[in-house]
Amino acid sequence: MPAVLDEVRTINFEDYLVMPDAELHERIEAAREELGSRVVILGHHYQRDDVIRHADLTGDSYQLSVMAAERSDAEFIVFCGVHFMAESADILAQDYQKVILPDLGAGCSMADMANIEQVEDAWEQLADIGIIGEYKVAPMTYMNSTAAIKAFCGRNGGVVCTSSNAVPLFDKYLKEYDKMMFFPDQHLGRNTGLKFGIPLDKMALWNPREELGGNTEEELQNARLILWKGHCSVHSRFKPWHADQVRKETPDIKVLVHPECMYEVVEKSDLNGSTSFIIKTVENAPAGSKWAIGTELNLVNRLIKNHPDKEIRLLAPDLCMCATMYRIAPQNLAWTLDNLIAGVVVNEIKVDGETKKWATAALERMISFTEQNHDKKN
Ligand code: 13P
Ligand code: SF4
């Protein structure tokens with residue numbers, strides 16, 4: 001352990017801002033060694049390299065939620081991701097475990113586009129005009145949402161999905177229900193609905209700032225899918241003309257995008273899928289193959305570094321980085337771990353009991369269905 005660690009008992013975050021990188025990494029490693037199996041560090045694929053190098057487990061949002069639930073031996077789950085991911089880890093964690101987000105400012109702009117009051121109000125409006133009652137309506141929320149919205153879905157017979165299991169979950173709920181309401185990412189909802197042949201005129205867009213979400217009663221009666229008006233500020237920067245441009249420059253290039261991109265971009269791509277799907281596709285691709293990838297910059301840069309035998313580039317020429325995820329830096333991680341050694345739990349993410357109960361129902365429906373579906377396929 002570096003001698004300097006002994007001096008750190010009253011921990012001031014400002015001190016970490018002026019530390020040289022080498023010292024920060026040394027501190028993180030030393031703290032990890034001291035904490036041993038009491039701590040597990042999780043890192044989402046979009047996390048920066050200088051943080052991901054310290055993660056015990058890396059994955060997409062689905063994998064990380066399952067991995068966090070499996071590490072019941074760890075007292076502390078340090079989540080290097082964004083707020084909704086840490087909340088999901090806390091929902092699935094044991095009571096004695098503490099989930100920590102090293103920077104509380106690491107939110108998700110998409111998750112912030114739907115709050116529970118708006119969602120409850122939308123549901124009430126749908127009940128008032130008789131849609132809920134006359135039809136069986138399933139609420140489904142993307143993982144990128146608050147715990148309160150997950151709990152809302154849990155209470156109302158609905159479920160959570162991630163980009164890696166949206167397709168089988170849509171399949172199940174579209175068969176069992178007359179209509180689905182999907183929060184908060186209109187693009188993942190639209191792209192997945194289109195995979196099931198739902199035409200665009202059977203999809204209503206719900207704007208929470210307008211009466212009936214900006215729709216007529218007839219439009220809502222006619223809709224098979226009601227999509228919340230939310231989007232990812234990173235993935236919405238990819239435009240259809242980016243795909244046209246890369247194909248013009250490199251005709252044999254393959255365009256691979258995340259389904260949070262708008263459907264006009266997905267339509268022009270060769271393949272689309274979750275961050276894990278993107279990673280696996282590139283890993284399995286032959287040497288010399290060419291890829292333009294429409295997802296977060298840190299992940300694309302890591303793919304470029306790990307696959308020097310393939311020609312990989314970001315689909316857009318300008319920066320597409322998840323700025324909130326990027327807030328978690330080695331400074332935050334070192335400060336968090338040094339505090340744990342000093343017996344202080346900083347930045348704990350705690351979901352209240354009632355919310356946890358119903359959010360667990362929605363998350364467990366997702367996990368058990370995904371595991372069964374996976375077993376059937378293998
Ligand atoms: P994944 O579910 O693919 O990890 O995506 C999470 C996310 O926030 C993408 O923007
Ligand atoms: Fe949220 Fe987009 Fe960042 Fe994913 S990339 S965490 S959806 S802001």
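Note that the coordinates shown come from a computational prediction; the quantities given were computed from them, not determined experimentally. (Residues numbered from 1 in each chain as written. Chains lettered and ligands numbered in written order. Predicted model: local features only at pLDDT ≥ 70, side-chain atom pairs only at ≥ 80, totals over all residues. Heavy atoms only, no water.)

Caption draft 1: Focus on the pattern of salt bridges. In total, this model carries 20 salt bridges according to the counting rule given. With a shortest N-O distance of 3.7 Å, Lys350 and Asp90 are connected by a salt bridge. Here Lys350 is found in the loop between helix H17 (330–341) and helix H18 (353–377), whereas its partner Asp90 is found in helix H6 (residues 83–92), with 260 residues between them in sequence. Asp90 gets classed as buried once you look at its relative accessible area, which sits at 0%. Ionic pairing is found between Lys175 and Asp171, a salt bridge with its closest N-O pair at 3.1 Å. Within this pair, Lys175 and its partner Asp171 are both found in helix H10 (residues 166–176), separated by four residues, close to a single helical turn. Residue classification places Lys175 among the exposed residues on the basis of a relative accessible area of 65%. (Salt bridge = Lys/Arg side-chain N within 4 Å of Asp/Glu carboxyl O. Helix = DSSP H or I, 4+ residues; strand = E, 2+ residues; numbered from the N terminus. Buried < 20%, exposed > 50% of the residue type's maximum accessible area, 1.4 Å probe, protein only.)

Caption draft 2: Structural context of the environment of Gly288. By secondary structure assignment, the location of Gly288 is in the loop between helix H15 (275–284) and strand E12 (290–294). Setting aside anything within four residues of it in sequence, one finds Gly288 in contact with Asp309 and Lys310. (Contact = heavy atoms within 4.5 Å.)

Caption draft 3: Geometry of the environment of Leu188. Counting through the fold element by element, Leu188 comes out in helix H11 (residues 186–195). When the C-alpha atoms of Leu188 and Pro330 are compared, they prove to be 32 Å apart, with 142 residues separating the residues in sequence. Apart from residues lying up to four places away in sequence, Leu188 is in contact with Tyr142, Cys161, Ser163, Ala166, Phe182 and Pro259.

Caption draft 4: Molecular detail of the site of ligand 2. In the vicinity of ligand 2, the contacting residues are Tyr46, Val82, Cys108, Ser109, Met110, Asn144, Cys232, Val234, Glu260 and Cys322. Partitioned by chemical class, the residues of the shell around ligand 2 number seven nonpolar, two polar and one charged. (Near = heavy atom within 4 Å. Nonpolar A, V, L, I, M, F, W, Y, C, P; charged D, E, K, R; others polar.)

Caption draft 5: Summary view of the site of ligand 1. All residues in the neighbourhood of ligand 1 are listed as His44, Tyr46, Asp60, Ser61, Tyr142, Asn144, Ser163, His235, His258, Glu260, Ser274 and Thr275. At 2.7 Å, a side-chain N or O of Ser61 approaches an oxygen atom of ligand 1. Compared with its free state, where it exposes 300 Å², ligand 1 has 95% of that area covered by protein. Tallied by class, the residues present in the shell around ligand 1 amount to two nonpolar, eight polar and two charged. (Polar contact = N/O pair within 3.5 Å; in protein donor to acceptor, adjacent residues only side chain to side chain. Areas by Shrake-Rupley, 256 points an atom, 1.4 Å probe, with all protein chains shown as cover.)

Caption draft 6: Main features of the packing of aromatic side chains. All told, the structure shown has six aromatic pairs when counted by the stated rule. Arranged with centres 5.2 Å apart and planes meeting at 65°, the rings of Phe13 and Trp335 form a pair that is edge-to-face. Of this pair, Phe13 sits in helix H2 (residues 13–17) while Trp335 sits in helix H17, placing them 322 residues apart in sequence. Taking relative accessible area as the criterion, Trp335 reaches 14% and is therefore assigned buried. The structure contains a cluster of three or more aromatic residues connected by ring pairs, namely Trp123, Phe152, Phe183 and Trp228. Here the guanidinium or amino end of Lys172 rests over the ring plane of Tyr173, the centre of that ring lying 5.5 Å away. (Phe/Tyr/Trp six-rings, centres within 6.5 Å; stacked < 30°, edge-to-face > 60°. Lys NZ or Arg CZ within 6 Å of the ring centre and 35° of its normal.)

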